[in-house]
Amino acid sequence: MDDLENPLFDHPMHLCKPDDNHERLEVVPDTLRLLSQIKQPIVLVTVVGTQRGGKSTLLNLLHSRRTQGFGLGHYLDAQTTGLWIWARRHPHDPELVVLCMDTEGLDTPHVPQWYNWCLSALSILVSSYFIYQTKGSIDANAIDRLGVILKVAEQLRGGQQQQASGGSSDRPHFLWLIRDQQLQMKKAPRAEMADKLDSAALKALERCFAEPADCMPLPRPVDRDEQLKVSSRVCRTTSSTRPPA
């Protein structure tokens, strides 16, 4: 099956969805079947963060330089549940497939906290590139949340000893993405991140991810709150068409 015949290259599809009580994840058989029909090597890029943080918009832009694709919304209810995936050919290597994965927000209301940890930890284990998104700065809450996710990921993978014995090729790359960053950094972003994290957090990053872990600030895309509400309808010359694979 080529790209034109596989719906995974045309639009996002639900890969895993929670049950009504958010107590277990259920794989969507049709999506898994379509995924198994991709025979080329796959690079999986995942974004994890709180709800209403712009994860879906970022992945849409990464996938095809447009804001349509993964579900967007500007209301209180979450737009993403479980895991969603969307495929495209790598822009510089036609033999490689990039799979973008959108995840349910870490702070979705009325959802057990352990569900959020497990979902994010699962994302780490299957990803090639893991993007941890926060807004404004690297604060204590975001650091603590990441620490719990990494502990769960280590437990799922088999503990610290097995984690340490695996080569770096078995581990994903890590990027801490700071959305709407406005404060000036005193150092380069990677060094700033290292200064904010304690030794335990830095060691957990080393065990779970290929070195070096990286950090990137991303300024707010528009100046006024009103513009954010219509950002998904803004037409840009560079994003009006999908770039060639």
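The shown structure was predicted, so the numbers you read here are calculated from the model rather than taken from an experiment. (Residues numbered from 1 in each chain as written. Predicted model: local features only at pLDDT ≥ 70, side-chain atom pairs only at ≥ 80, totals over all residues. Heavy atoms only, no water.)

Asker: Go over unusual backbone geometry with me, naming the residues and quoting the values.
Answerer: Across the junction of E211 and P212, the peptide omega takes the value -5°, indicating a cis bond. Looking at the element boundaries, P212 is found in the loop between helix 7 (199-208) and strand 8 (214-218). In this structure, H22 is a non-glycine residue whose phi angle is positive, near 55°. Within the fold, H22 resides in the loop between strand 1 (13-18) and strand 2 (25-27). (Helix = DSSP H or I, 4+ residues; strand = E, 2+ residues; numbered from the N terminus.)

Asker: Can you break down the layout of surface pockets residue by residue, with the values?
Answerer: Within this model, the second largest pocket holds a volume of roughly 490 Å³. Lining the second largest pocket are 22 residues, and of these V45, L58, L61, L62 and H63 sit closest to its centre. Those elements giving two or more residues to the lining of the second largest pocket turn out to be strand 3 (42-49), helix 2 (55-64), strand 5 (97-103), strand 6 (129-135), strand 7 (173-179) and strand 8. The element that contributes the greatest number of residues to the lining of the second largest pocket is helix 2, accounting for five residues. When its residues are assigned to classes, the lining of the second largest pocket shows 16 nonpolar, four polar and two charged. (1 Å grid on protein atoms, 1.4 Å probe; cavity = no way out; pocket = protein on both sides within 12 Å on 5 of 7 lines; lining within 4 Å. Points joined across faces, edges and corners; volume = space filled by probe spheres on them. Nonpolar A, V, L, I, M, F, W, Y, C, P; charged D, E, K, R; others polar.)

Asker: So what's going on with the packing of aromatic side chains? Residues and values would help.
Answerer: Evaluation of the coordinates by the stated rule reveals five aromatic pairs. Between Y132 and W176, the ring centres sit 5.0 Å apart and the planes meet at 80°, which makes this aromatic pair edge-to-face. In this pair, Y132 sits in strand 6 while W176 sits in strand 7, placing the two residues 44 residues apart along the sequence. For Y132, a relative accessible area of 0% puts it in the buried group. Given the relative accessible area of 0%, W176 is considered buried. Through pairs of rings, three or more aromatic residues link up here, namely F130, F174 and F209. (Phe/Tyr/Trp six-rings, centres within 6.5 Å; stacked < 30°, edge-to-face > 60°. Buried < 20%, exposed > 50% of the residue type's maximum accessible area, 1.4 Å probe, protein only.)

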